[in-house]
Amino acid sequence: MTILVAYDGSADARGAIEFAAEHLTAEPALIVTVWEPLLVQLKKYPLAAGAIDPGTEDEAHAQAEQHAKEGAELAVASGLSEVTYRAVADNESIWKTIVDVADEIDASLIVTGSRGLAGVRSVLLGSVSNHVLHHSHRPTLIVPPAPGN
């Protein structure tokens, strides 16, 4: 089995990786960063269509790949072994993509931080970690922010 760790580059995501490495070192890990393609952004935010630059899709994918690689490097430095990473395009919602990838790889556990980079959107739409917890049929570990964060 494999542990899936959701990683978006935020301090809470870093804390989740460090916690997983400290407590869950027996299984391989997959670090997943979810990114939103242009068509998904247009579907979610139709009023912003004029403000979305089509050239940013390649940049968003490249940034997601970089975040995923950074997360994998952090996982290895923190003590996890057999770490792989993947940037996955979001076709519907970030939480659903995480749950779908966990199902695809038959993850034994999903690990995520309690807050990410979504900021105001998560307040308005509900947090990714909350949706993963309530929609996944797999054990889910939500790591809270470190004291003072």
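Details of the structure are given in the entry above.
Presented here is an overview of the structure given in this document.

Our focus in this paragraph is the environment of leucine 4. Looking at the secondary structure, you find leucine 4 in strand E1 (residues 3-6). In sequence terms leucine 4 and aspartate 106 are 102 residues apart; their C-alpha atoms lie 9.3 Å from each other. Sequence-distant contacts of leucine 4, defined by excluding residues within four places in its chain, comprise Leu30, Val32, Ile98, Val101, Ala102, Ile105, Ala107, Leu109, Ile110 and Val111.

The next subject is helix H6 (residues 128-135). For H6, every residue scored as buried is listed here: Ser129, His131 and Val132. For H6, the arc enclosing every buried residue in end-on projection is 165°, short of the 170-degree limit, so these residues lie on one face.

Here threonine 33 shows up in strand E2 (residues 29-35). Residue classification places threonine 33 among the buried positions, given a relative accessible area of 4%. A distance of 3.3 Å separates the side chain of threonine 33 from the backbone nitrogen of alanine 68, its partner in a polar contact. When near neighbours in sequence (up to four residues on either side) are disregarded, threonine 33 contacts Tyr7, Ala64, His67, Ala68, Arg86, Ala87 and Val88.

So, on to the environment of tyrosine 85. Mapped onto the fold, tyrosine 85 is located in strand E3 (residues 83-89). Residue tyrosine 85 is classed as partly exposed on the basis of its relative accessible area of 37%. The sequence separation of tyrosine 85 and leucine 4 amounts to 81 residues, and the corresponding C-alpha distance is 9.5 Å. Those residues in contact with tyrosine 85, other than ones at most four positions away along the chain, are Leu30, Ile31, Glu65, Ala68, Lys69 and Ala72.

Reading guide: rules and limits
- Residues numbered from 1 in each chain as written.
- Predicted model: local features only at pLDDT ≥ 70, side-chain atom pairs only at ≥ 80, totals over all residues.
- Heavy atoms only, no water.
- Helix = DSSP H or I, 4+ residues; strand = E, 2+ residues; numbered from the N terminus.
- Contact = heavy atoms within 4.5 Å.
- Buried < 20%, exposed > 50% of the residue type's maximum accessible area, 1.4 Å probe, protein only.
- Arc of directions from axis to C-beta.
- Polar contact = N/O pair within 3.5 Å; in protein donor to acceptor, adjacent residues only side chain to side chain.

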